[in-house]
Amino acid sequence: MIMIRLMLFLILFSTSSCNSQSNSKEKKIRQEEIIKEHLEKGAWRHMMFSKEWQENIDLGLKKDSTIAYLWQQKAMPYFKLRKYEIGMPLIDKAVKYDAQRWQPYRAFIKCIFAKTYTEAIADFEDCKKKFGNNYEMDHTYNFYIALCKLQLNQYDEAEKLLSDYINEMLKKNGEDWVHPTALFYYGISKYEQQKWVEAIHEFDRTLKSYPNFSDVKFYKALCLMRLNKEKEAKLLFEEGEKDAKTGYTINEDNAVYEKYPYQVIWK
C-alpha cells in the first residue's frame, strides 16, 4: 500500500513538474513575442525621448506587466533626461521581476545618475550578497561603492576598495589592462587624503594608458602645486585644458549624459 502511494506521488510530482516547465517555456515565448512587437517593431523605431516610445512600451505592459525588460526600457529615457523621481519607481518594477539582471543597473543609476550614494551602496552591497561582486557597465560593484565612498568623504575606505579592484585586474591581465578610470579614482582617493606624491604616482600610471586624460592632468597639477612645483603645475594645467577642449575626459559610456564624480568642469 505504501509503495502504491509512493508511485502515485511520484507520477503526480513528475506531471506537475512537466506542466510547470511547459508553462514557463510558453510564458517565455509569449514575452519574447511581446518584446519583439512593442520594442523591436515599436518603441525602438522612434526617438528614445518621444511619446511614441512610451506608448509602445505601455501597450506591451498591458499584455504582460511582469516583463522586466519593458520596465527598464520605460525607465531609461527618464534617467537620461534627469527625471530621476519618475524613472526610479519604473526601474524598481524591473528589479521586482528580474533582480539578478536589473538590481545592479538600478544601483548604478543611483550612483552615477541620481547621486543617492548611501542608497547606491546599500543596493550594491545587497547585490554582492545575492550575486557576488560582479560587473555592471564595465566595472565591479565594489568600484561603484568606492565612488560613492569618495562622494561621502570616506576616502580611506574608497582607497582600499580601489586598490583591491586594481590589484585584481593586475593579477588577471597585467598593468596594460588596468582601467584608466579606476587608476584616476585611486589617485583621487590619495589626493583627498593629502598623499600628494602617492596621488601623482597613480595619475602618472593613468596617463601612460590615456595620455590626454584632461581630468587627471588637472588633479596632478593641484598635487604639484602642493609640492611647490608651480611652473610644472601651470604647464600641466594648460595641457589639460587643451585636452578637455578636444574632448579628452572620462570616457565611460554614460559620461555623455552625466558628469562623473570629480570630472572637471573647465571654464
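Small disclaimer: the values here were computed from a predicted structure and weren't measured.

(A) Highlighting unusual backbone geometry. In this structure, R82 takes a positive phi of about 65 degrees despite not being glycine. Here N153, not a glycine, exhibits a phi torsion of approximately 65 degrees, which is positive. What makes N153 exposed here is its relative accessible area of 53%.

(B) Quick peek at the pattern of salt bridges. One pass over the structure, following the stated rule, counts 22 salt bridges. Ionic pairing is found between E157 and K149, a salt bridge with its closest N-O pair at 2.7 Å. Overall, E157 belongs to the partly exposed group, its relative accessible area being 36%. For K149, a relative accessible area of 13% translates into the label buried. Linking E159 and K195 is a salt bridge whose minimum nitrogen-to-oxygen distance equals 3.0 Å. Highlighted residues: E159 in helix α8 (residues 155-173) and K195 in the loop between α9 (180-191) and α10 (196-209), separated in sequence by 36 residues.

(C) Inspection of helix α7 (residues 141-151) at higher detail. Most of α7 sits inside the fold, with 10 of its 11 residues counted as buried. On its buried face, α7 is in contact with α5 (99-114), α6 (117-131), β1 (135-136), β2 (139-140), α8 and α9. With its phi angle positive at about 65 degrees, N153 sits one or two positions after the end of α7.

(D) Structural context of the nonpolar core. Judged by nonpolar contacts, the single largest core of 79 residues is most densely connected at F79, F184, Y185, F203 and Y219. Counting residues per element, this core draws most heavily on α5, which supplies 9 residues. Once residues lying within four places of it in the same chain are set aside, the contact partners of F184 are F203, T206, F213, D215, V216, Y219, I250, P261 and Y262.

(E) Layout of the packing of α7 against α8. Relative orientation of the contacting elements α7 and α8 amounts to 155 degrees, with a least axis distance of 8 Å. Between α7 and α8, the angle is such that the two are roughly antiparallel. Of the two possible hands of crossing, α7 and α8 adopt the one that is left-handed. Contacts between α7 and α8 involve N142, F143, I145, A146, K149 and L150 from the first element and Y155, E157, A158, L161, L162 and Y165 from the second. Among the residues making up the contact of α7 with α8, the classes are represented as 9 nonpolar, 1 polar and 2 charged.

(F) Representation of the packing of helix α2 (residues 51-63) against helix α3 (residues 68-80) within the structure. At a closest axis distance of 9 Å, the pairing of α2 and α3 adopts a crossing angle of 160 degrees. When the interaxial angle is binned, α2 and α3 end up roughly antiparallel. Crossing hand, α2 versus α3: left-handed. In this structure, α2 contributes W53, Q54, I57, D58, G60 and L61 to the contact, and α3 contributes L70, W71, Q73, K74, M76, P77 and Y78. Here the residues of the contact of α2 with α3 are counted per class, giving 8 nonpolar, 3 polar and 2 charged.

The rules behind these values
- In this numbering scheme, every chain counts its residues from 1 along its sequence in written order.
- Only residues with pLDDT of at least 70 are given local features in this predicted model, and only at 80 or more are side-chain atom pairs given and counted; all residues enter the totals for whole chains, interfaces and linings.
- To get the side-chain values, take all heavy atoms of the structure and skip hydrogens and water.
- Only protein chains enter the calculation, and the probe is 1.4 Å; a residue is then buried if its accessible area is under 20% of its type maximum, exposed if over 50%, and partly exposed in between.
- By convention in these notes, a salt bridge is any Lys or Arg side-chain nitrogen within 4 Å of a carboxyl oxygen on Asp or Glu.
- Note on conventions: DSSP H or I runs of at least 4 residues are helices, E runs of at least 2 residues are strands, and numbering of each starts at the N terminus.
- Contacts are residue-level and defined by heavy atoms, with any inter-residue pair within 4.5 Å sufficient.
- Among buried residues, those of type Ala, Val, Leu, Ile, Met, Phe, Trp, Tyr and Cys that are joined through side-chain atoms within 4.5 Å constitute a nonpolar core.
- Lines are fitted to the C-alpha atoms to define the axes, a helix being fitted only along its stretch in contact, and any angle between axes, read from their N-to-C directions, falls within 0 to 180 degrees.
- Angle categories are assigned with fixed cut-offs, so that under 35 degrees is roughly parallel, over 145 is roughly antiparallel, 65 to 115 is roughly perpendicular, and the rest are oblique.
- Rotating anticlockwise by less than a right angle from the far helix to the near helix defines a left-handed crossing, while the corresponding clockwise rotation defines a right-handed one.
- Charged means Asp, Glu, Lys or Arg here, nonpolar means Ala, Val, Leu, Ile, Met, Phe, Trp, Tyr, Cys or Pro, and polar covers whatever is left, Gly included.

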